[in-house]
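Structural description and commentary
What follows is the residue order along each chain.
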Amino acid sequence: MRDRDSFKSVEEAKMKIGFIGLGSMGKAMATVLLQQNYDLIVYNRTRSAADELEKAGAQVASSPAEVARQCEVVITMLANDEAVEAVTLGNDGLSTGLARDAIHISMSSISPNLSKQLAQSHTQAGQGYFAAPVFGRPDVAAKGNLWIVAGGDNTQIEHCRSILEAMSRGISIIGTDPSLANLVKITGNFTITAMMETLGEVFALMQKSGIEPQDFLQIVNQVFESPLYENYGTQIIHKRFDPALFTLKLGLKDIRLVREVADDVAVPMPLVNLVYEHMLAAIAHGQAEQDWASFAQVNAENAGLK
């Protein structure tokens, strides 16, 4: 890998950026990069997802490898381990087209184990890799207000800092091991679901005790002054789960990953197990494609409420 001094800034190099994965999050993030006048080449398995970006000025590639062959930096934003592994290491994957010293930025919520595998594979090929998963939903991404947690070689991260800053309101660098950034991301998502679980339980208690949940939430908002409590609390009270900003099935995936890591390092996490079971129960009742906050309704159902 080149020394820091040999790197030009993004603006000096005017390099092309590849973006793979144009779901609701990826499309919002790629759109922000276009709005910031970056030269973008995109790929999505479903070609029609790229139509709006193409009209806005992006070039559309026919494969991940084609993206990588033309770019010094390639971003992936995909749903799960299987998709990231296929796009990166599969036939015609980005690793087959990525030049030596070019950098893959994985911004997906994936397992720490896969992140380690990707780091090893790219290093063996002389390619760069770091993880930069994000906190924020598509509406936040569309405003360029994500919070990014980056892990990996600091020279590579600094080389790409302006790209990350274009999509975010802040960046936390967690260390030189990319997998630690992925661990922080999935654990952060568990922290959010633990809050949802708490709200679901107390709203059920308030309702059965004759207190309006909205009145309780107003007090909580004054105490904690947290947009997470306010936004998710409002969603849960008013059952605003469609359209989903982040689906329950994707949320369950992240909680499953937290459980796996906790098992690997022998850390008891009983609340993770409770959240997992309530999310799974909600999916069993047909809520997989609803917003992940919908699982909090399991507490109301368990309390005999509708």
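From a predicted model like this one, the values you see are computed outputs, not experimental measurements.

Cut-offs used in this document
Residues numbered from 1 in each chain as written. Predicted model: local features only at pLDDT ≥ 70, side-chain atom pairs only at ≥ 80, totals over all residues. Heavy atoms only, no water. Helix = DSSP H or I, 4+ residues; strand = E, 2+ residues; numbered from the N terminus. Rg over C-alpha atoms; globule rule 2.2 N^0.38 Å. Buried < 20%, exposed > 50% of the residue type's maximum accessible area, 1.4 Å probe, protein only. Contact = heavy atoms within 4.5 Å. Lys, Arg positive; Asp, Glu negative; His and termini not counted. Charge placed at Lys NZ, Arg CZ, Asp CG, Glu CD. Expected span 1.5 Å × (residues − 1). Core = buried A, V, L, I, M, F, W, Y, C linked by side-chain atoms within 4.5 Å. pLDDT = per-residue confidence, 0-100. Patch = residues over 30% accessible without salt bridge, like charges linked within 9 Å, V, L, I, M, F, W, Y side chains within 5 Å. Areas by Shrake-Rupley, 256 points an atom, 1.4 Å probe, with all protein chains shown as cover. Salt bridge = Lys/Arg side-chain N within 4 Å of Asp/Glu carboxyl O. Polar contact = N/O pair within 3.5 Å; in protein donor to acceptor, adjacent residues only side chain to side chain. Phe/Tyr/Trp six-rings, centres within 6.5 Å; stacked < 30°, edge-to-face > 60°. Pairing = 2+ DSSP bridges.

**Quick notes on the overall build of the chain**
Helices and strands together make up the secondary structure of the chain, namely 16 helices and nine strands. On C-alpha atoms alone, the chain measures out to a radius of gyration of 20 Å, which is about the 19 Å that the 2.2 N^0.38 rule sets for 306 residues. Seen through its C-alpha atoms, the chain measures out along the principal axes to roughly 65 × 45 × 35 Å. Counting all 306 residues of the chain, 52% fall into the buried class. For the chain, the proportion of contacts with a sequence separation of at least 24, taken over those separated by at least 6, is 68%. Counting 25 positive and 35 negative side-chain charges, the chain places the centres of these two groups 4 Å from one another.

**Points about the environment of Ala288**
Here Ala288 is to be found in the loop between helix 15 (270-284) and helix 16 (297-302). Spatially, the C-alpha atom of Ala288 lies 9.8 Å from that of Ala244, the residues being 44 residues apart in sequence. Excluding its chain neighbours within four sequence positions, the residues that come into contact with Ala288 are Thr247, Leu248, Lys249 and Ile283.

**Thoughts on helix 15**
In this model helix 15 runs 21 Å from its N-terminal to its C-terminal C-alpha over 15 residues, within 8% of the 21 Å that 1.5 Å per residue would give. Every buried residue belonging to helix 15 is among Val272, Val275, Tyr276, His278, Met279 and Ala282, and all of these are buried. Where helix 15 is buried, its residues contact helix 11 (178-209), helix 14 (248-264) and helix 16.

**Some details on the nonpolar core**
Core analysis: the biggest nonpolar cluster contains 38 residues, and Phe19, Met29, Met107 and Ile163 have the highest contact counts within it. With six residues, helix 2 (residues 24-35) is the single largest residue contributor to this core. Excluding residues within four positions of it along the chain, Met29 makes contact with Phe19, Met77, Met107, Val134, Ala141, Leu146 and Met167. By size, the runner-up hydrophobic cluster in this structure holds 29 residues, among which are Ile192, Leu217, Val275 and Phe295.

**Observations concerning the confidence of the model for the chain**
For the chain, the mean per-residue pLDDT works out to 94, and 95% of the residues sit at or above 70. Below pLDDT 50 for its whole length, residues 1-13 participates in 24 contacts with residues either more than four positions away or in separate chains.

**What about helix 2?**
A rise of 1.5 Å per residue sets the reference length of helix 2, with its 12 residues, at 16 Å; its end C-alpha atoms lie 17 Å apart and thus fit the reference within 8%. Those residues of helix 2 lying buried are Met25, Gly26, Ala28, Met29, Ala30, Val32, Leu33 and Leu34. Trailing helix 2 by a residue or two, Asn37 shows a phi angle of about 70°, which is positive.

**Digging into a nonpolar patch on the surface**
Where nonpolar side chains cluster on the molecular surface, the patch consists of Ile219, Val223 and Phe224 and spans about 320 Å² of accessible area. Here Phe224 lies in helix 12 (residues 213-224).

**Describing the side chain of Gln297**
Take Gln297: it is sitting in helix 16. On the accessibility criterion, Gln297 (13% relative accessible area) is buried. A distance of 3.0 Å separates a polar side-chain atom of Gln297 from the backbone oxygen of Ile236.

**Description of the packing of aromatic side chains**
The relation between two aromatic rings is expressed through the spacing of the ring centres and the mutual angle of the planes. Across all of its chains, the model carries three aromatic pairs by this definition. Between the aromatic rings of Tyr232 and Trp292, the centroid separation amounts to 6.2 Å while the plane-to-plane angle is 75°, which identifies the pairing as edge-to-face. With Tyr232 in helix 13 (residues 227-238) and Trp292 in the loop between helix 15 and helix 16, the pair connects residues that are 60 residues apart, well separated along the chain. Taking 4.8 Å as the distance between ring centres and 85° as the angle between the ring planes, the aromatic pair formed by Phe246 and Trp292 counts as edge-to-face. Residue Phe246 is found in the loop between helix 13 and helix 14, and its partner Trp292 is found in the loop between helix 15 and helix 16; the two are separated by 46 residues along the sequence. This pair shows no difference in class: Phe246 is buried, exactly as Trp292 is. Grouping aromatic residues by their ring pairs yields a cluster made of Tyr232, Phe246 and Trp292.

**Some thoughts on the pairing of strand 8 (residues 146-152)**
Within strand 8, six of the seven residues are buried, leaving the element largely enclosed by the surrounding structure. Pairing of strand 6 (residues 128-131) with strand 8 involves two bridges; the strand directions are antiparallel. Paired with Phe130 across the strands is Gly152, a residue of strand 8. Bridge count between strand 7 (residues 134-135) and strand 8: two bridges; the pairing is antiparallel. Opposite Phe135, over in strand 8, you have Trp147 as the bridge partner. Here strand 8 pairs with strand 9 (residues 168-175) via six bridges, running parallel. Each residue of the ladder has a partner; that of Leu146, found in strand 9, is Ser168.

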